[in-house]
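# Architecture at a glance
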Amino acid sequence: MGKLSRRQLLKTGLIGTGALAFNQALASVGDRTLELGGQQVSRTSGRIRSKVASTCLNCYARCGIFGYSSDGMLAKLSGIPGHPNNRGRMCAKGQAGVNLIYDPDRILRPMRRVGARGEGKWEPISWRQAIDEVAVRMRDLAQSGRQSEFVLHSTRDVTAQGFARRFCHAFGSPNALVNTPLGGWNKALAQLMTWGSQHEINDVANTEYMLLFGANPFEAHILRTSFVQRITEGRLTKIAQERVHHGAKMVTFDPRLSQTAGKSDEWFPIRPGTDAAVALAMCNVIMRHGLHDREFLDKWTNYSAEKLQAHLARFTPEFAEAESGVPAADIERIALEFASSKPSTTVSTGGVTKHRNGVYNERAIMLLNAVAGNIDVRGGYCLPRTIKLAEPSPIPPPPSAKSPFAQSAALGVFEGEAGMAEVIESGKARVGLYMCYRANPCYEFPNTKRVQNIFSDEKLMPYIVAIDSYPTETAMMADLILPDAMYLETLELETPPAMDLVPFVSLRQPVVQARGLVRPVEEILIEIAKAIGGETARYFNFQSYSEYLDAEIASVKPLIKAGGMSYLEDHGFWVAPTKPEYQRFKKTGFGTPSGKFEVYSERLAAAGFDPLPTYSPLMDASSLKDNEFTLITHQWNVHTHSRTADSMWLSEIVHDNPLLINADVGERLGLKTGDEVRVTSKTGSLKVKVRLTEGINPKAVAISDSVGHWEYGRVAQAKSFESNMPETEHIWWRSEGKGVHPHSLIADDPDPMGHGQSWMDTTVRIERV
């Protein structure tokens, strides 16, 4: 065991590092075996690197990671092999955390604006000055009874949102705009109204048939790397119990030929926003052929199979074809395949829900699973398994005042009146102090020019505090910037949905010492609360945030028995000592008022919406002129919305976003790949190069987000510069540009039920430049 083969040395990257380091590495490794997730050796010094287990947060998947460092500098990130979700795998975004922590343009100390708003002139100040400045302004609001003029906004980070909401409620403000759910608001509302949970777990590793609606998990999914592994497993042929199980079939409905669509057995370029028509037609076919799960429908839903069949009668395959463009014969065939392949499941994400009819689309797809008998069965459409952490006492009560801002379904069925921009601009609410934590509305929101104008107006937004690690478009409009520790420097608990249906807790902890004077957002809020004093301080009587975390896990007795925080610090995660249990609803019921899967929603009916899963058409595609199209947006697999363009590694891979247009249509318009066009909508216009492709619906055009920054640092803007990172002088793609930002084209136009933005419904006109 003491001898290492050349192949083993190649795997550890030791060959080619120089004779001295090579010999030192051999001496340090000694008789140890090489294993995934084991120790790493520095190729320059030959010393073993220190290793710390933690949890990634460069996307929403929250994979288990090891951080390897030498001499206090982070050198490498890799996956934890035993982690229950990602199982040692990591995506490019996870690896790129090394870039983000050492971004030369990171904000490392508190900064106060000294020039005009947005001018970019700042002075460094101390933390004491910064905390006192915020506390004085918040005390003034409280003493004059204007607590509701405080707004705390965070759409990026799913981890600290509970703590941020606690801060808002302790101060007495209802404006905690911090609970953006996984999968978006429209999906969350549809799921909550139907079965009492905000999202689902598709048991794709154990399924026989995957039907994807508007989903592209190979590039974008809330559990990304973990989920794609299970899809791959489900697709593989395997032998079990002396039988050959052929891999699951995968069919995708998506206007664009995504990476996932390209890996599918069949792809249908459906018209945007018509998914419900197809799903309901499939329900009709399944029931007409007697393949539905009558027992589940009659016993576990609040709408009988007989009444449901009558409701579905008008949703024929021919009707769905006329709406969606998907041939009726294929709808019929796939419906029968889906119902006959046991078990089966659907997968639906933003391509379905990011429409004005997003809630209806999602409800229709959920119904398809109920009709086919897939609900919470092995290989089916399952309820998520998570561990609920306790909120430490005393818990601040929610303010009696209602927020005018539209908020997530998690706070109530229809909370608030309108989006943030509409509320502020119209005067429906006055904002005395706006605080954003890792939110970047000046870039992320639709109709970005309107949002920028609001943030520039000191009458509408008199004081802006940005808690962030980077010079985002919104941070650069702030009056005060408080430098936040990024996720590799913080201590937090996570309870993500378990892919294998056994819940777990994971820990995020610093893998290296925090840079500069940055502080975790939780510590910042504790200090502000104590500086405000009074009732606000009473709810933050913690010596540190780690004390708060100890109280959070106190109710998880098996974890405490295993060692509590010490166990998490050593291993990075703890898995509950249970086994997967399917069809739990038979013991506990569903988390709805009736305890059943609510096909008929009393809450939707009370709010004036159709209580049954239905199809709500968006527009008649035939009404579009020859040069008019529906614009859809998409994500790249190496970017996370607005948060990763400052990564050298990721921006080198994707730094541009051409407009995808159908090849036949492009030729008819006299276009070829590389031509520049002007794209115009009712809210704005931009110039962009086109890429012709056969992989898109003829009446749709597609463009990605994540690039086209005008702030966020020099890497995001494709500028070469000198820094302590030599590679910043060699940004070779500066000649190719930084891409364009499409949100200026998209109007603020949410689903009236879920309040989620309709990113996929914009009509644009294309003209050659």
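Treat the numbers as computed from the prediction; the structure is a model and nothing was measured.

## Focus on the overall build of the chain
If you tally the helices and strands in the chain, you get 28 helices and 27 strands. The C-alpha atoms of the chain give a radius of gyration of 26 Å, which matches the 27 Å a tight globule of 769 residues would have. In the chain, buried positions account for 59% of the 769 residues. The long-range share in the chain, meaning contacts at least 24 apart out of those at least 6 apart in sequence, stands at 71%. Counting only carbon and sulfur atoms, one obtains 50% of the accessible surface of the chain, whose full area is about 29,500 Å². Looking at charge distribution, the chain has the averaged site of its 86 positive side-chain charges lying 3 Å from that of its 85 negative ones.

## A short note on the pairing of strand E25 (residues 685-693)
For strand E23 (residues 659-662) and E25, the ladder comprises four bridges, and the chain directions are parallel. Looking at the pairing, Asn-662 lines up with Thr-693 of E25. The pairing of strand E24 (residues 676-680) with E25 spans five bridges and is antiparallel. Opposite Val-677, over in E25, you have Val-688 as the bridge partner. Hairpin remark: E24 followed by E25, antiparallel, with four residues in the connecting loop.

## Examining the sheet that holds strand E1 (residues 50-55)
One open sheet holds the three strands; their spatial order is E1-E2-E3, and the pairing between them is antiparallel. Either end of the sheet is taken by a strand with one partner, and the two such strands are E1 and strand E3 (73-79). For this sheet the average axis-to-axis angle between neighbouring strands, irrespective of direction, equals 30°. For strand E2 (residues 64-70) and E3, the ladder comprises six bridges, and the chain directions are antiparallel. Counted as the bridge partner of Phe-66 is Ser-78 from E3.

## Concerning the domain arrangement of the chain
As far as domains go, the chain holds domain 1 (6-93), domain 2 (201-382) and domain 3 (621-768). Taken together, the contacts link twelve residues of domain 1 with eight residues of domain 2. Regarding the contact of domain 1 and domain 2, the summed buried area is about 870 Å², with carbon and sulfur atoms giving 41% of it. Our enumeration of links across domain 1 and domain 2 arrives at one salt bridge. Connecting domain 1 to domain 2 are eight residue pairs in polar contact (both at pLDDT 80 or more). Classifying every residue of the side of domain 1 that touches domain 2 gives seven nonpolar, two polar and three charged.

## Some points on the environment of Ala-305
Turning to its location among the elements, Ala-305 is positioned in helix H12 (residues 305-312). Filtering out sequence-adjacent residues up to four positions away, Ala-305 remains in contact with Met-287, His-292, Arg-294, Leu-297 and Asp-298.

## Things to note about the environment of Phe-218
Mapped onto the elements of the fold, Phe-218 is located in the loop between strand E9 (209-213) and helix H8 (224-235). In this structure, Phe-218 is in contact with Val-228, Ile-231, Thr-232, Met-250, Gln-259, Thr-260, Lys-263 and Asn-637, ignoring residues within four places of it in sequence.

## Examining the packing of aromatic side chains
Counted under the stated rule, the structure contains 27 aromatic pairs. The interplanar angle of 85° and the centroid separation of 6.4 Å between the aromatic rings of Phe-296 and Phe-590 together place this pair among those described as edge-to-face. Here the residue Phe-296 occupies a position in helix H11 (residues 294-300), and Phe-590 occupies one in the loop between helix H25 (585-588) and helix H26 (602-606), the gap between them amounting to 294 residues. Neither Phe-296 nor Phe-590 differs from the other in exposure class; each is buried. Relative to Tyr-615, the ring of Phe-319 has its centre 6.0 Å away and its plane inclined at 80°; by these criteria the two rings are edge-to-face. With Phe-319 in helix H13 (residues 317-324) and Tyr-615 in the loop between H26 and strand E22 (628-634), this residue pair connects regions lying 296 residues apart in the sequence. Over the aromatic face of Phe-629 sits the side chain of Lys-699, whose NZ or CZ is 4.9 Å from the ring centroid. Over the ring of Phe-721 we find Arg-714, and its NZ or CZ is 3.8 Å from the ring centre.

Basis of the calculations
Sequence order as written defines the numbering, with residues in each chain counted from 1. Given that this is a predicted model, residues contribute local features only at a pLDDT of at least 70 and side-chain atom pairs are listed and counted only at 80 or more, while totals for whole chains, interfaces and linings are drawn from all residues. Values shown for side chains rest on all heavy atoms present in the structure; no hydrogens or waters enter the calculation. Put simply, DSSP H or I for four residues or longer makes a helix, DSSP E for two residues or longer makes a strand, and each gets a number counted from the N terminus. Each radius of gyration reported is based on C-alpha atoms, and the globular scaling rule is 2.2 Å times the count of residues to the power 0.38. Here the term buried applies to any residue with accessible area under 20% of the maximum for its type, exposed to any over 50%, and partly exposed to those in between, with areas from a 1.4 Å probe on protein chains only. By definition, residues are in contact when any of their heavy atoms lie within 4.5 Å. Accessible surface is estimated by sampling points in the Shrake-Rupley manner with a 1.4 Å probe; for residues, cover comes only from the protein chains shown. In this tally, Asp and Glu contribute negative charge and Lys and Arg positive charge; neither His nor the terminal groups of the chain are included. The atom standing in for a charge is NZ when the residue is Lys, CZ when it is Arg, CG when it is Asp and CD when it is Glu. Should DSSP find at least two bridges between two strands, the strands are regarded as paired. Axis lines are fitted through C-alpha atoms, for helices just across the contact stretch, and the angle between N-to-C directions can take any value from 0 to 180 degrees. What fixes the domain bounds is an automatic or database domain assignment. Throughout, buried area stands for the accessible area (probe radius 1.4 Å) lost by two parts on being put together, summed over both. By salt bridge we mean one thing: a side-chain nitrogen of Lys or Arg within 4 Å of a carboxyl oxygen of Asp or Glu. Pairs of N or O atoms within 3.5 Å make up the polar contacts considered here, provided that, within protein, one atom can donate a hydrogen while the other can accept it, and that residues adjacent in sequence are counted only when both atoms are side-chain atoms. In this classification, Asp, Glu, Lys and Arg are treated as charged, Ala, Val, Leu, Ile, Met, Phe, Trp, Tyr, Cys and Pro as nonpolar, and every other residue, Gly included, as polar. To pair, rings of Phe, Tyr and Trp, with the six-membered ring standing in for Trp, must have centres within 6.5 Å; the planes then decide the type, stacked if under 30 degrees apart, edge-to-face if over 60, and tilted in the middle. Whether a charge lies above a ring is judged from NZ of Lys or CZ of Arg, which has to be within 6 Å of the ring centre and within 35 degrees of the ring normal.

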